[in-house]
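The chain contents come next:
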Amino acid sequence: MTKWAELQRLREMNKDRRILDLFDESRAADFSIRADGMLFDYSKTSIDAATRMALIRLAEVSGVAEKRAAMFAGAKINDTEGRAVLHVALRAGDDAVIEVDGTDVLPEVRRIRSTCAAFARDVRSGAFQGQGGRISDVVNIGIGGSDLGPAMAYLALAPFADGPRCHFVSNVDGAHIHDVLQGLDPTTTLVIVASKTFTTIETMTNADSAKRWMGAKVRNPAAQFAAVSTARDKTAAYGIDPERVFGFEDWVGGRYSVWGPIGLSLMIAVGPEAFDQFLAGGRAMDDHFVTAPFAQNMPVMLALVGIWHNQICGYATRAVLPYDQRLSRLPAYLQQLEMESNGKRVAIDGSDLATNSGPVVWGEPGTNGQHAFYQLIHQGTRVVPCEFLVARRGHESDLAHQHLLLVSNCLAQAEALLRGRALEEARAIMAKKGLTGAELERQARHRVFPGNRPSTVLAYAQLTPFVLGQIIALYEHRVFVEGVILGINSYDQWGVELGKELALALQPVLAGKAGTTGKDGSTAALVAFLR
């Protein structure tokens, strides 16, 4: 008997049951969790009391509590790289102590945060200026976690962004940096280069292009550069003043790094005080994750819902659907967070996984998605579990009527996925339109919705820095729990390496400086065409 056996038995026993039949007067309350003003409702899934108990037992026997304690204690749970996993340290409270190899890491975390805050204040106040005057624009150059986190958060916190405008460059495609820099003033632009090693090829290629662009207008372009990096020798060689270089430790993975110096552009945009509220939201979710029993633990239950849908029910994808336009980059952010973390094929001991690893994560904000891919979600042949996010109120009080329409659409979509529309109801609709006979039957079948399609809703009062911190930390811990249950290391990413190595080898081939010997026929033919 495997640890999955009981859940597989429950799934087989109840596979034909309709979710709607599970509802009684208490289900919505019993299958939802509240934490610090946030509500997670998972009642519109096929999980019942017995299934929830089996899922919680799965988490217990998988060692979630023990691994959680190890992570927060600074143990090196990223064992393929021999590193601790301590993004939680970046948002820890003033009284916290977290040791790695016997040394409390938090004094240095606080020192770096303080230096970032001082620089952010200088930029915002005009104490730090460009060679043409006060900084008007900040360009963050990074890729992966050095881009997705701050870019997503900057859009999310637009109502709080009262500092310089922020722009983000990640793709090595020259069109990206060209289009971002076009229209900016080089004399009043600050460039932040975010690369831990200061060798990331996409980032450094873009940084060089930005430096040339700025150098055409200013005497000393490096004077308007800052870096988020630990490679101080390389940043110094690049001409960046050491006072504008902000490092972070190797126990912070890129996709978990927005809480620290990688979030410098966000801190400049919204100010250190709002950034502190962002950290406080993440810390509140940390406290909840550590203290709440599993049945009332939001990250644990979000993870267990994901395990139920992917590993047990076999639903291969997960749609993240924020009914909040400013969270438009959240699905992309979660793609990296979840798919880079849990997209693995072997267990920690190197053996093949006995089950599928993480799902494909995708999505778009509502209501846009309703006019794009919701057709497949409602009437397609594959079941796609949906995760809706929605705020009680928006920031635009004069447009409250539009927010009401937005929320109505969100709740209606979740209800439609649950209820569906039976053939008899569709027939009645067509009959009212005057159709009869075979044509009525044909048209009615096109209007049937299977329903019984699972969804969850994460609801909150308003998208603020605190709430954004809660949301990101919630999903970080969800990834952790799912990874522990799957028995994988969620904190390495060897899958990105091979393509990088081959790309470096292909550059001289495409430049005509080397031949295609050893390449497969397809690659050789493509090189010939593109060269």
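Treat the numbers as computed from the prediction; the structure is a model and nothing was measured.

J.: Any chance you could break down the pattern of salt bridges for me, citing the residues and the numbers?
T.: Here the idea is simple: oppositely charged side chains can pair when their charged atoms come close. A full pass over the atoms with the stated rule returns 26 salt bridges. Ionic pairing is found between Asp-162 and Arg-124, a salt bridge with its closest N-O pair at 2.8 Å. Here the residue Asp-162 occupies a position in the loop between α6 (145–156) and β8 (165–169), and Arg-124 occupies one in helix α5 (residues 106–125), the gap between them amounting to 38 residues. Given the relative accessible area of 23%, Arg-124 is considered partly exposed. Put simply, Arg-427 and Glu-441 hold a salt bridge, and the shortest N to O gap is 2.7 Å. Highlighted residues: Arg-427 in helix α16 (residues 423–432) and Glu-441 in helix α17 (residues 437–446), separated in sequence by 14 residues. Relative accessible area serves as the criterion here: at 27%, Glu-441 is assigned to the partly exposed category. If you follow the salt bridges from partner to partner, you end up with Arg-318, Glu-338, Glu-387, Arg-478 and Glu-482 in one network.

J.: Before we move on, could you go through the state of the cysteines and cite the residues and values that matter?
T.: With the rule as written, the count across this model stands at zero disulfides. Cys-116 supplies the cysteine sulfur nearest to Cys-166, a cysteine that is in no disulfide, at a spacing of 14 Å. Note on Cys-313: no disulfide assigned, nearest cysteine sulfur contributed by Cys-386 at a separation of 14 Å. Judged by its relative accessible area of 11%, Cys-313 falls in the buried class.

J.: Which residues make up the environment of Asp-349, and what values go with them?
T.: Mapped onto the elements, Asp-349 comes out in the loop between α13 (330–342) and β13 (360–362). For Asp-349, a relative accessible area of 64% corresponds to the exposed category. Looking at Asp-349, its side chain comes within polar contact range of the side chain of Ser-351, at 2.6 Å.

J.: Got a sec to walk through the sheet that holds strand β14 (residues 386–391)? Specific residues and values, please.
T.: Taken in spatial order, the six strands line up as β1-β2-β15-β14-β12-β13 in an open sheet, and their pairing is mixed. Where the open sheet ends on each side, the last strands, each with one partner, are β1 (32–35) and β13. With direction set aside, neighbouring strand axes in the sheet form an average angle of 15 degrees. Relative to strand β15 (residues 455–460), β14 runs parallel, the two sharing six bridges. The partner of Val-390 across the bridge, within β15, is Ala-459.

J.: Tell me what's going on with the sheet that holds strand β11 (residues 245–246), and back it up with residues and numbers.
T.: Read from one edge of the open sheet, five strands run β8-β7-β9-β10-β11, paired in parallel fashion. Every other strand in the sheet has two partners, leaving β8 and β11 as the edge strands with one partner each. Pairing geometry for strand β10 (residues 225–228) and β11, over two bridges, is parallel. For Ala-227, the partnering residue across the bridge sits in β11 and is Val-245. Together, β7 (137–141), β8 and β9 (189–194) form the strand contacts of α6, whose direction differs from that of β8 by roughly 150 degrees.

J.: Now, about a nonpolar patch on the surface: what can you tell me, with residues and values included?
T.: Where nonpolar side chains cluster on the molecular surface, the patch consists of Leu-510, Leu-526, Phe-529 and Leu-530 and spans about 470 Å² of accessible area. Counting residues per element, the nonpolar patch draws most heavily on helix α20 (residues 521–530), which supplies three residues. Residue Phe-529 is classed as exposed on the basis of its relative accessible area, which comes to 70%.

J.: Would you mind going over the packing of aromatic side chains in detail, with residue names and values included?
T.: A complete count under the given rule lists 15 aromatic pairs for this structure. Between Phe-40 and Tyr-42, the ring centres sit 5.6 Å apart and the planes meet at 25 degrees, which makes this aromatic pair stacked. By relative accessible area, which is 2% here, Phe-40 ends up buried. Note on Tyr-42: relative accessible area 0%, which makes it buried. Through successive ring pairs, a cluster of aromatic residues spans Phe-31, Phe-40 and Tyr-42. Above the plane of the ring of Trp-259 lies Arg-91, whose end atom (NZ or CZ) is 4.3 Å from the centre. For the cation-ring pair, Lys-211 lies above Tyr-238, with the distance from its terminal atom to the ring centre recorded as 3.9 Å.

J.: Could you give an account of the side chain of Thr-51, with specific residues and numbers?
T.: Within the secondary structure layout, Thr-51 lies in helix α3 (residues 49–61). The residues touching Thr-51, leaving out its near neighbours within four places in the chain, are Leu-7, Leu-10 and Trp-308.

J.: Describe α6, naming the residues involved and giving the relevant values.
T.: Here α6 is twelve residues long and its end C-alpha atoms lie 16 Å apart, about the 16 Å a rise of 1.5 Å per residue gives. Burial analysis of α6 places eleven of its twelve residues in the buried class, the great majority of the element. Considering only its buried residues, α6 is in contact with β7, β8, β9, α10 (264–270), α13 and α18 (465–486).

J.: Quick rundown of the packing of helix α12 (residues 298–312) against α18? Include the residues and the values.
T.: Two elements in contact, α12 and α18, have axes separated by 8 Å at closest approach and are oriented at 55 degrees. Considering the angle they form, α12 stands oblique to α18. Between α12 and α18 the crossing geometry is right-handed. When α12 is examined against α18, the residues Met-298, Pro-299, Val-300, Leu-302, Ala-303, Leu-304, Gly-306, Ile-307 and Gln-311 are found in contact with a partner set consisting of Leu-474, Tyr-475, His-477, Arg-478, Val-481, Glu-482, Ile-485 and Leu-486.

J.: Describe the pairing of β9, with residues and values.
T.: One face of the sheet, then the other: side chains in a regular strand alternate in exactly this way. Burial of β9 is extensive: six of the six residues sit out of reach of the surface. Neither face of β9 is exposed, since Thr-189, Val-191 and Val-193 on one face and Leu-190, Ile-192 and Ala-194 on the opposite face are all buried. Pairing of β7 with β9 involves five bridges; the strand directions are parallel. Residue pairing for β9: Val-139 is matched across the bridge by Val-191. Strand direction decides the pairing type here: β9 and β10, joined by four bridges, are parallel. Among the inter-strand pairings, Val-191 is bridged to a residue of β10, identified as Phe-225.

Basis of the calculations
Residues numbered from 1 in each chain as written. Predicted model: local features only at pLDDT ≥ 70, side-chain atom pairs only at ≥ 80, totals over all residues. Heavy atoms only, no water. Salt bridge = Lys/Arg side-chain N within 4 Å of Asp/Glu carboxyl O. Helix = DSSP H or I, 4+ residues; strand = E, 2+ residues; numbered from the N terminus. Buried < 20%, exposed > 50% of the residue type's maximum accessible area, 1.4 Å probe, protein only. Disulfide = S-S within 2.5 Å. Polar contact = N/O pair within 3.5 Å; in protein donor to acceptor, adjacent residues only side chain to side chain. Pairing = 2+ DSSP bridges. Axes fitted to C-alpha atoms, helices over the stretch in contact; angles between N-to-C directions. Contact = heavy atoms within 4.5 Å. Patch = residues over 30% accessible without salt bridge, like charges linked within 9 Å, V, L, I, M, F, W, Y side chains within 5 Å. Areas by Shrake-Rupley, 256 points an atom, 1.4 Å probe, with all protein chains shown as cover. Phe/Tyr/Trp six-rings, centres within 6.5 Å; stacked < 30°, edge-to-face > 60°. Lys NZ or Arg CZ within 6 Å of the ring centre and 35° of its normal. Expected span 1.5 Å × (residues − 1). Parallel < 35°, antiparallel > 145°, perpendicular 65-115°, else oblique. Left-handed = near helix turned anticlockwise from the far one by under 90°.

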